[in-house]
Amino acid sequence: MKKIFLLIMAACLLVACDIERFPSTSIAAEQITENPNAFIDELLNGAYSQLKTWSDVMHRCGEYAGDNMMIRGSSTDAFYQFISYSRTPNNYRLNDFWNNSYKAIAQTSNIINMIEEGTDPNIDNKLGECYFLRGTLYFYLCRAYGRPYYQNPETNLGVPIVNGTPDELINLQLPDRSTVKETYAQAIEDLEKAADMLTIDRGPAYASREAAWAILSRIYLYMSGTWDNPNTANTAKSIEYADKVINSGKYSLLDRANFMKYNTFKPENNDESIFVVKRVASEYSGYDHYYGVGGMYANIGGMGWGEMYASAKYISLLDETGRNDWYNKKLVDARAAFIEPQYEATARPVFRFIKKVFNASNVHTNFNYVQADVTINGETASCVETVSDVKTTYPLTPVDIEQGIWSINYSDGETYTGYIDQYIRLNRVYPMFYIVKCSREGEDSHLHSPVISRLGEIYLNKAEAAAKAGDYATALTALNIVRERSLPGEGYTALTTANAEERIEKERTLELAFQAERSYDVYRNGRSLTRRYPGPHNAVEEILPNDFRVIYFIPQTAIDSYTGTLTQNPTSN
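Residues numbered from 1 in each chain as written. Predicted model: local features only at pLDDT ≥ 70, side-chain atom pairs only at ≥ 80, totals over all residues. Heavy atoms only, no water.

Participant: What should I look at first to understand the nonpolar core in this one?
Facilitator: In globular proteins that are soluble, nonpolar side chains generally tend to be buried together. Membership of the largest hydrophobic core comes to 143 residues, with the highest contact counts inside it found for Phe132 and Tyr145. Counting residues per element, this core draws most heavily on helix H6 (residues 121-145), which supplies 14 residues. When residues no more than four places from it in sequence are discounted, the contact partners of Phe132 are Leu191, Ala194, Leu198, Ala207, Ala211, Ala212, Ile215 and Phe275. Membership of the second largest hydrophobic core comes to 14 residues, among which are Phe351, Tyr394, Leu396 and Ile420. (Core = buried A, V, L, I, M, F, W, Y, C linked by side-chain atoms within 4.5 Å. Buried < 20%, exposed > 50% of the residue type's maximum accessible area, 1.4 Å probe, protein only. Helix = DSSP H or I, 4+ residues; strand = E, 2+ residues; numbered from the N terminus. Contact = heavy atoms within 4.5 Å.)

Participant: Please clarify how the pattern of salt bridges should be interpreted in this entry.
Facilitator: It is possible for side chains bearing opposite charge to pair when their charged atoms get close. A complete count under the given rule lists 47 salt bridges for this structure. Note that Lys52 and Glu283 form a salt bridge whose closest N and O atoms lie 2.9 Å from each other. With Lys52 in helix H3 (residues 40-63) and Glu283 in the loop between strand E4 (273-276) and helix H11 (293-297), the pair connects residues that are 231 residues apart, well separated along the chain. Given a relative accessible area of 24%, Lys52 falls into the partly exposed group. A residue is classified by how much of its surface remains accessible, and Glu283, at 30% relative accessible area, is partly exposed. Ionic pairing is found between Glu210 and Lys250, a salt bridge with its closest N-O pair at 2.9 Å. In this pair, Glu210 is assigned in helix H8 (residues 209-222) and Lys250 in the loop between helix H9 (232-247) and helix H10 (256-259), connecting sequence segments 40 residues apart. Given a relative accessible area of 1%, Glu210 falls into the buried group. (Salt bridge = Lys/Arg side-chain N within 4 Å of Asp/Glu carboxyl O.)

Participant: Explain the pairing of strand E8 (residues 364-377) here, please?
Facilitator: The side chains of a regular strand alternate between the sheet's two faces. Sheet analysis places strand E7 (residues 349-358) next to E8, joined by 9 bridges and oriented antiparallel. Considered in E8, the bridge of Phe353 is made with Val370. The hairpin turn running from E7 into E8, its antiparallel successor, is 5 residues long, and Asn362 in that turn takes a positive phi close to 65 degrees. Here E8 runs beside strand E9 (residues 380-387); their pairing, made up of 5 bridges, is antiparallel. (Pairing = 2+ DSSP bridges.)

Participant: Teacher, can you tell me more about the packing of aromatic side chains here?
Facilitator: In this description, a pair of aromatic rings is defined by centroid distance and the angle of the planes. What the rule picks out here adds up to 31 aromatic pairs. Following the ring pairs from residue to residue traces out a cluster consisting of Trp54, Phe97, Trp98, Tyr102, Phe139, Tyr140, Tyr145, Tyr149, Tyr184 and Tyr222. In this structure, Arg202 packs its charged tip against the face of Tyr206, placed 3.9 Å from the ring centre. (Phe/Tyr/Trp six-rings, centres within 6.5 Å; stacked < 30°, edge-to-face > 60°. Lys NZ or Arg CZ within 6 Å of the ring centre and 35° of its normal.)

Participant: Where do I start with the sheet that holds strand E12 (residues 415-422) in this structure?
Facilitator: Through backbone hydrogen bonds, the strands of a sheet pair up, either in parallel or in antiparallel fashion. A barrel is described by the order of its strands in space; here 6 strands give the closed sequence E7-E8-E9-E10-E11-E12, paired in antiparallel fashion. Within this sheet the neighbouring strands show an average axis-to-axis angle of 40 degrees, counted without direction. Pairing analysis gives 4 bridges linking E7 to E12, with the strands arranged antiparallel. Its bridge partner being in E12, Phe351 is matched across the sheet by Ile420. (Axes fitted to C-alpha atoms, helices over the stretch in contact; angles between N-to-C directions.)

Printed below as a string of structure tokens:
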């Protein structure tokens, strides 16, 4: 009799597993197929539960490799490799990402293989959820471990496609990695099948037809080529699926005031959320909140490390339309509501700017903040910087007095522009610009249900795809729907060949920040990533889209435990 092992569901064949022998408790496949309602919920919930740990690393490897955040200093934690681009196959966090992905793929595949479709609409819907989870995970795995789609997808390697427990376990040889093209095709096939089978909406914490369409819209956007060489067949598919979501009428963008509180709403009470990894407060006990995604971005109510902050580059982008004055609670861009500078309790006016840092050989190597005490007298101002008890006074030149923007001719011969503001507390040498987009769900410290898809992204997918296809009118309409929610009355008047990429990239960066999209967005379009702002990272490095470090190594523990050949990614360009 064929046995279906509930605890590992063949995951031990695909991942490094600390269970060295099969569990003694098993359920016969015949029992499940004869009475699927009795077991399918338990099996499916097990697959969903894998997403909880999965989503933690998914966020870190996608977001930390981008340019929306910075960290106060180097760290021995494995996630620092995502920030520093010091790639290694021996990274336990990436191992967790791989393991949880393949455990869920094994679980959903076994359900699909065991249960006959077409016997009951409820059962079919749950099979559709399995197809959704499997297709989504193949896509997420491939974008982390496989090269961007525009780079030879027919030959570059994606991930192994292993859909379920093999019938024969003796002398088993699992397949090597499929190509990027084959992996994307598997994801698309699963998600299209899911969309056909999903007829019951169980809310954003569960798969739905619209959730499948949302991921398909993103996948085809990833397949749409670069701005320099777009693939219009795939832009059309991305638009098609985006329109299916939009025209379903099931979701609506929050208005500006409510969007500024987006992070505080529970997913089931958020009209914009399409699919999330649902977390609940009971999953945490006390200081467990320190170790969630939000715990690195802020300390709230005594919870969290608060060691990662919004980057100067991201803050500058928020201020591009007009300065966001957090101290006086005058925010221009609604997305600035997810940033909370930690001002000193006692008022202390300063001129804050960013300067270049030079090494002993006078080579520019980094950047750092300066917060110099400031004196203002009408339209004149000066600041005093103290270094090693030596005080230097600098006159300031007004740039925009109303917004508090001034410039300084600094001692290194450079002219810098900055703001007159209140002093922000430092962690080491960096002002603490807390990020709260991944915290405060239900007003509970760092509770956060990671967002996989929401309506704001769908409009941005449509905008980019339409612009790549040369339909700038459609692109402009979709783009401004998102932009004007955060910046009322500041919609773009036109998109053209000359400005479409810059404007659409800017809105994607602002809107999807801290949702693990940024680094992938850069490289899939054939662009380089630069992080010329303060932090311990290499601030003068340009990471090219063909750099071997753009993707991650397959975990060595997964290779060592794999029954068959599992080819590693290259270790150099």
